[in-house]
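# Overview (structure and organization)
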Amino acid sequence: MFKGNASLYSMGETIKVCCAILVDNDKILCAQRSATMSLPHKWEFPGGKIEPGEKPEHALKRELSEELGIEIEVLQGFRSNFHRYSEGKQIELIPFLARIVDGNPDPVEHQAVIWLGVNELVGLDWADADVPIVDEFIKWYRHRRVD
Ligand SMILES: Nc1nc2c([nH]c(=O)n2[C@@H]2O[C@H](COP(=O)(O)OP(=O)(O)OP(=O)(O)O)[C@@H](O)[C@H]2O)c(=O)[nH]1
């Protein structure tokens, strides 16, 4: 007799997605998905799917180069968030604090990118998977040690 957790078996594959919280002069880069992307017009942190066997940091550098034409340095990782969208897609969103080391963000796919102060982040219409990450980042940023 089946005794497992049935919901585990109906969830399907979890897609691993990395994203960058890019900070420069107390501003954070936010990217808006375009009308033709999934989650149209929602705000997110730039990034994308991690390919099989790829290290998350490597995927992040690749995606930011492709999407925004920038080179980044990854500073630290934050706790990932598992989220299942209503259409059934489940993602693990893995955030990293990062900074730009070369280039200016010039979006290829996104509709817009903007730099916002930490206090302004909550005013955006974030993709659902990002909401806990935004909240945790705000708390972390306010309490971080500045040496
Ligand atoms: N890059 C990024 N993707 C996110 C974030 N939040 C979030 O839910 N996602 C989702 O994670 C997936 C990342 O895929 P992607 O960026 O590589 O490619 P994509 O838009 O073509 O994906 P899709 O069309 O298959 O949904 C998308 O489904 C996107 O909606 C985020 O903050 N950054």
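Residues numbered from 1 in each chain as written. Predicted model: local features only at pLDDT ≥ 70, side-chain atom pairs only at ≥ 80, totals over all residues. Heavy atoms only, no water.

## A short note on the overall build of the protein
Summing up its helical and strand segments, the protein has 3 helices and 8 strands in all. For the protein, the α and β elements follow one another from N to C terminus as α-β-β-β-β-α-β-β-β-β-α. Here the C-alpha radius of gyration of the protein, 16 Å, is about what a compact globule of 147 residues would show, namely 15 Å. For the protein, the C-alpha atoms occupy an extent of roughly 60 × 35 × 30 Å along the three principal directions. Counting every position in the protein, which comprises 147 residues, the buried fraction comes to 41%. For the protein, the share of sequence-separated contacts (at least 6 apart) that also reach a separation of at least 24 residues comes to 68%. For the protein, the exposed surface amounts to about 8700 Å²; the carbon and sulfur share of it is 50%. Both charge centroids of the protein, one from 17 positive and one from 24 negative side chains, sit 7 Å from each other. (Helix = DSSP H or I, 4+ residues; strand = E, 2+ residues; numbered from the N terminus. Rg over C-alpha atoms; globule rule 2.2 N^0.38 Å. Buried < 20%, exposed > 50% of the residue type's maximum accessible area, 1.4 Å probe, protein only. Contact = heavy atoms within 4.5 Å. Areas by Shrake-Rupley, 256 points an atom, 1.4 Å probe, with all protein chains shown as cover. Lys, Arg positive; Asp, Glu negative; His and termini not counted. Charge placed at Lys NZ, Arg CZ, Asp CG, Glu CD.)

## Looking at the site of the ligand
Within the structure, the ligand sits among 17 residues, and S38, F45, Y85, K89 and D130 are positioned closest to it. Between the ligand and E44 there is a distance of 3.2 Å, counted from a nitrogen atom to a side-chain nitrogen or oxygen. Taking K49, its side chain carries an N or O atom lying 2.8 Å from an oxygen atom of the ligand. For the ligand, the accessible surface in isolation is 600 Å², of which the surrounding protein chains cover 81%. Listing elements by their share of the shell around the ligand, those giving two or more residues are β1 (14-24), β4 (47-49) and β7 (90-102). Per-element tally for the shell around the ligand: the top contributor is β4, with 3 residues. Split by residue class, the shell around the ligand holds 9 nonpolar, 3 polar and 5 charged. (Near = heavy atom within 4 Å. Polar contact = N/O pair within 3.5 Å; in protein donor to acceptor, adjacent residues only side chain to side chain. Nonpolar A, V, L, I, M, F, W, Y, C, P; charged D, E, K, R; others polar.)

## Topic: the nonpolar core
One finds I21, I28, F45, L121, W126 and F137 to be the most contacted residues of the largest nonpolar core, which totals 25 residues. Listed by contribution, the elements that provide at least two residues to this core are β1, β2 (27-32), β7 and α3 (131-143). Broken down by element, this core gets its largest block of residues, 5 residues, from α3. Sequence-distant contacts of W126, defined by excluding residues within four places in its chain, comprise C30, K42, W43, E44, F45, L121, V131 and V134. (Core = buried A, V, L, I, M, F, W, Y, C linked by side-chain atoms within 4.5 Å.)

## Looking at unusual backbone geometry
Residues other than glycine seldom take positive phi values, yet D26 does so here, at roughly 65 degrees. Positive phi, close to 70 degrees, is recorded for H41, a residue that is not glycine. As for its position among the elements, H41 is in the loop between β2 and β3 (43-44).

## Considering the side chain of S34
Summarising the element assignment, S34 is placed in the loop between β2 and β3. With a relative accessible area of 11%, S34 lands in the buried category. There is a polar contact of 3.2 Å between the side chain of S34 and the side chain of T36. Every residue in contact with S34, bar those within four places of it in the chain, is listed here: P40, H41, E109 and Q111.

## Considerations on the UniProt feature "domain: Nudix hydrolase" (unreviewed entry) in the protein
As recorded in UniProt, the feature "domain: Nudix hydrolase" (unreviewed entry) lies at residues 13-139. Here residues 13-139 is 17% helix and 41% strand, with 31 Å between the C-alpha atoms at its ends. (UniProt positions renumbered as here; feature names shortened; annotations may be inferred.)

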